[in-house]
There are 2 protein chains.
Amino acid sequence: MTNPGWLQMHPRDTIAVLTRRAGKGERPLGRGVALERAIEAGHKIALGDIMPGEAIIKFGQIIGYASVPVVAGEHVHTHNCSMGSHDRDYVIGADFESALASTPKAEPMTFAGYHRDDGTVGTRNYIALVATVNCSATVIRRAAADINTSGILDQFPNVDGVVALSHGTGCGMASEGPGHDNLQRVLWGHATHPNVGAALFVGLGCEVMQIARMRAAYGEGGERFHGLTIQETGGTTRTVEAIVAAIHDLLPKVNAVSREPAPVSKLAVALQCGGSDGFSGITANPALGVASDMLVGMGGSVVLAETPEIYGAEQLLLRRAAGQDVADKLLERIAWWEHYTAINGGAMDNNPSPGNKAGGLTTILEKSLGAVAKAGSAPLGDVLDYGAKLRRPGLTFMDSPGFDPVSVTGQIASGAQVVVFTTGRGSAFGSKPAPTIKVASNSRLANAMPDDMDIDCGGILDGVSMEEKGREILALIVATASGQKSKSEKLGLGDNEFLPWQIGAVM
Amino acid sequence: MTNPGWLQMHPRDTIAVLTRRAGKGERPLGRGVALERAIEAGHKIALGDIMPGEAIIKFGQIIGYASVPVVAGEHVHTHNCSMGSHDRDYVIGADFESALASTPKAEPMTFAGYHRDDGTVGTRNYIALVATVNCSATVIRRAAADINTSGILDQFPNVDGVVALSHGTGCGMASEGPGHDNLQRVLWGHATHPNVGAALFVGLGCEVMQIARMRAAYGEGGERFHGLTIQETGGTTRTVEAIVAAIHDLLPKVNAVSREPAPVSKLAVALQCGGSDGFSGITANPALGVASDMLVGMGGSVVLAETPEIYGAEQLLLRRAAGQDVADKLLERIAWWEHYTAINGGAMDNNPSPGNKAGGLTTILEKSLGAVAKAGSAPLGDVLDYGAKLRRPGLTFMDSPGFDPVSVTGQIASGAQVVVFTTGRGSAFGSKPAPTIKVASNSRLANAMPDDMDIDCGGILDGVSMEEKGREILALIVATASGQKSKSEKLGLGDNEFLPWQIGAVM
Ligand SMILES: [Ca+2]
Ligand SMILES: [Ca+2]
Ligand SMILES: [Ca+2]
Ligand SMILES: [Ca+2]
Ligand SMILES: [Ca+2]
C-alpha cells in the first residue's frame, strides 16, 4: 500500500485530513487549488467547493460551517470554518434512529469465558483482596504476593491469581456524598465483578468506609464476602496470615470453573484514551469506534467515559440519546462538573488549545469528536454515575475524569471485562481484574514501545481501511476475552493503577 | 505498682481522670463526696472544691469553667462545666514566655546518623525512586523490587534499600494551585530528604507534574536528579532496565557514607496520632508530649500537624505563638480549611461527639488538648504549609488533614527523620524513608498487636509517671534515629503509605 498523504475518514466527509506535511504550492489531493502556504499533517483540505454556511463534515459529522466560500483543495481551518451558534442546541434523540439503523448487524461472535451464577461471564478468574482503606493496603499486597509467588497457584490452573486492590483513601473523608459513594461503588463493583471468582474485604477497623455498612447498602453479597479487620485480627502479621489462610480455603472453589463459550453479547468493553496525539482522533479512536459499533451490533456493551473530554460537544451524544431520561442524566452530570471545577477554582474548557490548533483541530466539536470517535456511531443507550453497574447492552456513557487510572477503575467497577486504550504519545497502563489492550495511533509509537503496544493503527495513514483495523481490534478483544494475554498482562501491569475517584475534602 | 483507679495528669490540674469505672456511691479518690451515679473510665472528678466561674484545669491547661459550684469528689462534665465565651479569644503569644521557661533545658543527646553535604543528618540512607505521576508507579516499584530482592544490597551495607514513592496523582489535575503545589513540595521534599542518599524522578512524559518544571521551581538539585520518562525511554521493560542500571551506578556513591555522631538538635520528629481512643489523650499523647518537650529543650525539632484535630482550640496554640506572623499563618490556614470544607459540602467541627462525651470529654478544648498534648507545652515557633521544609528548631505546626498517611507524608516531606505515632484502637502504619515508631495508649492494644506496637503507655494508668514514659519514648526515638529498627520497619511497612494530599478537581 502506498501512503497517499491524505485520508478521508468517512464517505460523507467534505474534507480530507493530511497525513503528512504539504508544501506551499502543492496540491496534495491531486486536484483543486494549490496551497497558499505549507501545512502540517493533521490539517484539513476541502474535498470539493463549500458554500458559506455549508457544513464542514469530518468523521461523518458536522464539525463547523464554512464562514467564507471554500474551494476544492483549500486549507480548511479557523480562517474559513467556525461553529454556528445553533450547534450548541440540544436536539435530543434527533439522530437516534439513524444511529440505530447504521449499527452493523451481525450474528454474535463467541468467546470462551467463566460463567457466573448471576448470569455474567468473566474473561479472567481472579481472587480479589479489596482494601476498604489505605491502612490495609500493605497487608493485602503482602498476602497477594505471598500466594502469587508461592507456587501454589500451579495447582489451580483456572485461577489467574490474587489481585490486591489497594488505594489511598477510605478514611479522612466524609461518610456520605459523592466521594464516599464513588468509593463504595468501586469497591462493590470490583468485589462482584465477573472476572472475580471470590473477593475478600480487608479493613483496619475504625475507618469511614465500613465493611458492614457496604453490606447493608448492597445486600449480603452471598459467599463472596468474608471481611476481616486488622484491629480485630491482631495486627499486621496475623492479618496477613489470616488472609493467606482464607485464600487457601477459596482456591479450590474458585478453581472449579472452566472457560465455556459465550456470545460477545456478554462482553462489556471499556473505551479509553490517554496520552493522545494528533493522530489519535484520525486513526486509533475511529478504528476503535468501528470495533465498538460491531460489538454493539452483536448485542455487546461498550462504556465510553471521560466527561471533560466530551465537554462542549455533548450535543453530539444527546442527538444519539435513546430518551429524555438518558439526555437528562448526561446534562445533569455536565452541570455537576461545571460546579465541581468552579468550586475548585477552575473551569470546564475543552476548546482546542493553541497546540491543538497548530495540529489542525479547528473547533471544539472536532476535538471532542476525536475522543467520542472511540464509541463509533451507536445510539447512546444509558448514562451512569462513576462506577455504577451497567444496566443495558449497547453504548453507555459513564461519568468520570479523563485521568486514565481513575477513569478505567470506574469502567471496570461498572462491569467492563476488557479495556481498550488508545494512545499517541505512549502509555504503560495496565489493569486488573480486567485486562487492558493498548492501541497506538502511529507506527513510531508502536515501534518505540513494542512491549506495551498491542495494535498499531499507523497503517491507516498508509491506506489500511478503518474497517479492516476495526476488525483487527475486535478480533483481539475477543481473543483477549478468551484468555489470550495482552501486552500489559504479559508485563504483569495492573497492581498500581486501581484508583477510585476521590471527590471532596480530605479530612 | 498498684492502679489507684485515677490519674492526675499535671500538678496544676483541678480534676483527676478515672482510669477505671467507678460505681454509684463510691469515692474513687478516697476523699470528697460519694458519686451520685456510676461513671466510666475517662471521666473527670474534682480534686477539690471549685467555685462557679473558676477554671477546670486538665493537662495543666484550662478546658472550661465551673458553671455551678463543684465539690471535691464530684463528677465534672457537661452538667457543671462549660466553656466561657472569652476562651475563643485569640491572645496571641500570651503564654509564649511561660512556655519557653517551662521547656526543660538539657545538653543534647546524640544519635548516629548520615551527615549530608547540606548540613542535615539522615537517620536512614535510602535510594528513592520518585514517581511524578501514577503512570510511572509500576516501573519504579518493579525496579525497586528487582534491586531489593537481587542480593546486590549485601555489597552495600550502608544503604537501607531502594524505596519506590508511587502515588495516584500527577496528572488529571490543575497545573497550578494548592493541589499542584502540595504534590510538588512532597516530591521535592522526599527527593531531598536527609534520609535519601540519592533520588531519581521517573515520569511517563506527558503528565501535568513535569520534572523540568520542578527543577526550575527549586533549582538544579545537584547530583540528586537524573530524571527519566517512559515515553522517551521506550516503554515499561526498557524503563525498568534503565532505572535498575541507574541504581547500580548510584549504589557505590550512596554507600560511601557511615553513621557518625550528631546532636539531636539535628533531629526533626513528626508527631502523629491515628485510631485514637479514650486513653490516647491521657496516656500516649501526653507521654509523647514529655518526649517532645525534652527534644525541643535539646534544640531539636518537632512537627505537629492534623489541622482538623486542633480546630476549635487553636487559641491554645496561638497563646504559645512566637510572633504575630506565626499566629497569622495559623489563622490563615484555619480560614482556608473552613472554606475547603464548606465548598465540599461539609463543615469544620471538632466538638466532642456523643461518643466522645460518653467517654468523658466535656469541651472542644479538652478534646483538642488531647491531640495537642503530643506536642507538649513548647512555644509554637512556626507554621508551615503542607510538606514545606522546616525552617527552625522547636515546635512547628504543619497544616495537614488528620488522615494518617496523608499527614505523615507531609511531615516527612517537611524533613522529619523519625515519626512517632500514637494509637488507641490500633494501626498497621509504617513509613519510608523515615521510620515510624508506634505508641499504644493502652496495654490491651499493646498485647493484641505485639508485632506492631513499639511502646505501651498503658502503664501510666497503673502509676508509671508521664516523665518516665516520656523518657522511654525519647530513648527509643534516639535509638531508632541511630539505626535500630522500629516494629513497622521490621515488618517492612511503608511502601504503600506515601500519599500526597490531593486538593481540587480530578480532571
Ligand atoms: Ca497506591
Ligand atoms: Ca483522554
Ligand atoms: Ca483517559
Ligand atoms: Ca488523629
Ligand atoms: Ca492522623
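Please read all numbers here as calculations on a predicted model, not as lab measurements.

1. Points about the coordination of the calcium ion (ligand 2)
Residues and elements named next belong to chain A.
Link 1 in the chain: The calcium ion (ligand 2) binds to the protein through Cys273 (O), Cys273 (SG), Glu306 (OE), Glu309 (OE) and Glu309 (OE), with metal-donor distances spanning 2.5 to 3.0 Å.
Link 2 in the chain: Counting along the primary sequence, the residues that act as donors to the calcium ion (ligand 2) give the motif C-x32-E-x2-E.
Link 3 in the chain: Between the two metal centres, the calcium ion (ligand 2) and the calcium ion (ligand 3), the spacing is 3.4 Å, with Cys273 acting as a shared donor. Note that Cys273 is positioned in strand β15 (residues 268-273) and Glu306 in the loop between β16 (301-304) and α8 (307-310), a separation of 33 residues in sequence. Note on accessibility: Cys273 and Glu306 belong to one class, buried.

2. Section: the UniProt feature "domain: SAF" (unreviewed entry) in chain A
Link 1 in the chain: In this numbering, the UniProt entry assigns the feature "domain: SAF" (unreviewed entry) to residues 13-82 of chain A.
Link 2 in the chain: Taken end to end, residues 13-82 of chain A is 0% helix and 30% strand, and its two terminal C-alpha atoms sit 16 Å from one another.

3. A closer look at the interface of chain B and chain A
Link 1 in the chain: Contact with chain B, which involves 54 residues of that partner, is made by 54 residues of chain A.
Link 2 in the chain: Carbon and sulfur atoms supply 56% of the area that chain B and chain A bury against each other, a total of about 4,300 Å² over both sides.
Link 3 in the chain: The largest per-residue losses of area from chain B upon contact with chain A belong to Phe403, Val506 and Met507 of chain B, which jointly make up 15% of the total buried on that side.
Link 4 in the chain: Scanning the region where chain B abuts chain A turns up zero salt bridges.
Link 5 in the chain: Our count for the contact surface shared by chain B and chain A stands at 28 residue pairs in polar contact (both at pLDDT 80 or more).
Link 6 in the chain: Elements that contribute at least two residues to the side of chain B that touches chain A include exactly α2 (137-150), α5 (230-233), α6 (236-255), α10 (324-343) and α13 (404-413) of chain B.
Link 7 in the chain: Grouping the constituent residues of the side of chain B that touches chain A by class yields 27 nonpolar, 20 polar and seven charged.

4. A word on the relation of the copies chain B and chain A
Link 1 in the chain: Superposing chain B onto chain A requires a rotation of 180° together with a translation of 0.0 Å along the rotation axis, leaving an RMSD of 0.0 Å. These values place the two chain copies in the arrangement generated by a two-fold rotation axis. Considering only C-alpha atoms, the residue of chain B closest to the rotation axis is Ile343 of chain B, which sits at 3.1 Å.
Link 2 in the chain: Mapped onto chain A, 100% of the interface residues of chain B are again interface residues, and the two copies thus contact each other with one and the same surface.

5. Quick word on empty space enclosed by the protein
Link 1 in the chain: Scanning all chains against the criterion turns up two cavities of 30 Å³ or more.
Link 2 in the chain: Of the voids in this model, the largest cavity is the one considered here, and its volume is about 60 Å³.
Link 3 in the chain: Lining the largest cavity, in full, are His190, Pro405, Val408, Thr409, Ile412, Phe429, Gly430, Ser431, Lys432, Gly494, Glu497 and Phe498 of chain B.
Link 4 in the chain: Element by element, the count of residues in the lining of the largest cavity is highest for α13 of chain B, at four residues.
Link 5 in the chain: Its residues placed into classes, the lining of the largest cavity shows five nonpolar, five polar and two charged.
Link 6 in the chain: Quantified by volume, the second largest cavity comes out at close to 50 Å³.
Link 7 in the chain: Along its surface, the second largest cavity is lined by His190, Val408, Thr409, Ile412, Gly430, Ser431, Lys432, Gly494, Glu497 and Phe498 of chain A.
Link 8 in the chain: Top element by residues in the lining of the second largest cavity is helix α13 (residues 404-413) of chain A. It accounts for three residues.
Link 9 in the chain: Class assignment of the residues belonging to the lining of the second largest cavity gives a composition of three nonpolar, five polar and two charged.

The rules behind these values
- Residues numbered from 1 in each chain as written.
- Chains lettered and ligands numbered in written order.
- Predicted model: local features only at pLDDT ≥ 70, side-chain atom pairs only at ≥ 80, totals over all residues.
- Heavy atoms only, no water.
- Donors = N, O, S within 2.8 Å, 3.2 Å for Na, K, Ca; no water.
- Helix = DSSP H or I, 4+ residues; strand = E, 2+ residues; numbered from the N terminus.
- Buried < 20%, exposed > 50% of the residue type's maximum accessible area, 1.4 Å probe, protein only.
- UniProt positions renumbered as here; feature names shortened; annotations may be inferred.
- Contact = heavy atoms within 4.5 Å.
- Buried area = accessible area lost by both parts, 1.4 Å probe.
- Salt bridge = Lys/Arg side-chain N within 4 Å of Asp/Glu carboxyl O.
- Polar contact = N/O pair within 3.5 Å; in protein donor to acceptor, adjacent residues only side chain to side chain.
- Nonpolar A, V, L, I, M, F, W, Y, C, P; charged D, E, K, R; others polar.
- Least-squares fit on C-alpha atoms with pLDDT ≥ 70 in both.
- 1 Å grid on protein atoms, 1.4 Å probe; cavity = no way out; pocket = protein on both sides within 12 Å on 5 of 7 lines; lining within 4 Å.
- Points joined across faces, edges and corners; volume = space filled by probe spheres on them.

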